[in-house]
Amino acid sequence: MFQLLSKALKQGVHRFHRYAGLVICLQIMLWSLSGFLMTFWSFGDLYIDPPAAPLAMNQVKLSPQQVVQTLEKDEVLDLKLLMLAGEPFYRIQSVKSPVRLIDQQGKLRSPITPALAAAIAREQYLGDGTLSTIDLLPTSKGNYVSSGPVFKARFQDAAHTEIYIDPQSGAVLARRKALWQWYNRMWEFHLMKYTQNHTLNKYLLLLSAIVSFLVSLTGLFKFFRKT
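Right, let's walk through the structure included here. All figures in this text were calculated on a predicted structure; none of them were measured in a lab. (Residues numbered from 1 in each chain as written. Predicted model: local features only at pLDDT ≥ 70, side-chain atom pairs only at ≥ 80, totals over all residues. Heavy atoms only, no water.)

The next subject is the nonpolar core. Nonpolar side chains in soluble globular proteins tend to end up buried together. Ile112, Phe155 and Ile165 are the most contacted members of the largest nonpolar core, which totals 17 residues. Only β1 (76-84), α3 (114-124), β5 (150-156) and β6 (162-165) provide two or more residues apiece to this core. No other element matches the 5 residues that α3 contributes to this core. Within the second largest apolar cluster, 7 residues are counted, among which are Leu37, Met38, Trp180 and Met186. (Core = buried A, V, L, I, M, F, W, Y, C linked by side-chain atoms within 4.5 Å. Buried < 20%, exposed > 50% of the residue type's maximum accessible area, 1.4 Å probe, protein only. Helix = DSSP H or I, 4+ residues; strand = E, 2+ residues; numbered from the N terminus.)

Structure below.
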């Protein structure tokens with residue numbers, strides 16, 4: 001009886017190790033490949049901002065109080081004086097309106113023009129290339145995902161750098177390289193983001209980790225059984 005149970009256990013372990021290992025093999029390869037590529041590719045420079053431009057106070061002709069007065073009964077949530085493309089602007093956010101830009105003449109500059117977007121992109125670019133195109137996209141997919149309008153600036157350089165700018169606030173939303181989409185795909189493979197359901201992805205990752213552990217454990221069992 002004991003021999004029969006031992007034989008059945010051995011066969012069960014062998015089959016589990018063989019077929020579960022075959023199932024999990026592809027995911028383990030994707031974990032290894034994606035981890036290697038994410039380490040090999042370097043995108044750290046995309047998160048480096050150029051030095052902040054000092055405020056040209058001699059160009060500031062409009063006070064914050066004057067800006068607030070133009071909003072009438074709208075309550076201000078945030079008000080910031082900043083330099084964009086060599087000009088001082090007020091970036092303001094209120095309860096009833098989205099973020100917007102106001103120049104020193106008190107004029108609303110949101111949404112910004114392609115010319116201003118191009119100037120902001122050049123100011124925020126750290127490479128040696130030149131600006132090739134500036135496009136206002138209704139939505140964006142690929143290197144940067146956006147459900148709303150966004151300016152996309154492309155530069156002629158070895159990395160094919162792209163800079164994405166918010167048409168309302170003039171803020172830089174993202175910097176990307178041509179390989180960024182592949183990097184993001186490798187990241188999804190590494191974290192097993194195979195669906196839009198975050199809970200399901202979490203359980204898939206947990207299940208794969210458990211199966212991988214059990215395959216390793218049965219491998220150890222098989223090794224010591226043979227010795």
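With respect to the element layout, Gln181 can be found in helix α4 (residues 180-191). The class of Gln181 is partly exposed, set by a relative accessible area of 40%. Considered as a pair, Gln181 and Leu71 are 110 residues apart in the sequence and their alpha carbons are 41 Å apart. With residues up to four places along the chain from it excluded, the contact list for Gln181 reads Gly142 and Asn143. (Contact = heavy atoms within 4.5 Å.)

Think of a sheet as strands paired side by side through backbone hydrogen bonds, with each pair either parallel or antiparallel. Here we have 4 strands laid out as an open sheet, ordered β4-β5-β6-β7, and antiparallel in their pairing. Each of the sheet's edge strands pairs with one partner strand only, and the pair in question is β4 (130-137) and β7 (172-176). Ignoring which end each strand starts from, the neighbouring axes of this sheet average 20 degrees apart. In this sheet, β6 lies alongside β5 in antiparallel orientation, the contact comprising 4 bridges. In the sheet register, Lys152 faces β6, and the bridge partner there is Tyr164. (Pairing = 2+ DSSP bridges. Axes fitted to C-alpha atoms, helices over the stretch in contact; angles between N-to-C directions.)

Before going further, it helps to spend a moment on the pattern of salt bridges. Scanning all chains against the criterion turns up 5 salt bridges. Notably, a salt bridge pairs Asp103 with Arg109, separated by 3.3 Å at the nearest N-O pair. Residue Lys152 pairs with Glu162 through a salt bridge whose shortest N-O separation is 3.7 Å. Of this pair, Lys152 sits in strand β5 while Glu162 is found in strand β6, placing the two residues 10 residues apart along the sequence. Each of the two residues, Lys152 as well as Glu162, counts as buried. (Salt bridge = Lys/Arg side-chain N within 4 Å of Asp/Glu carboxyl O.)

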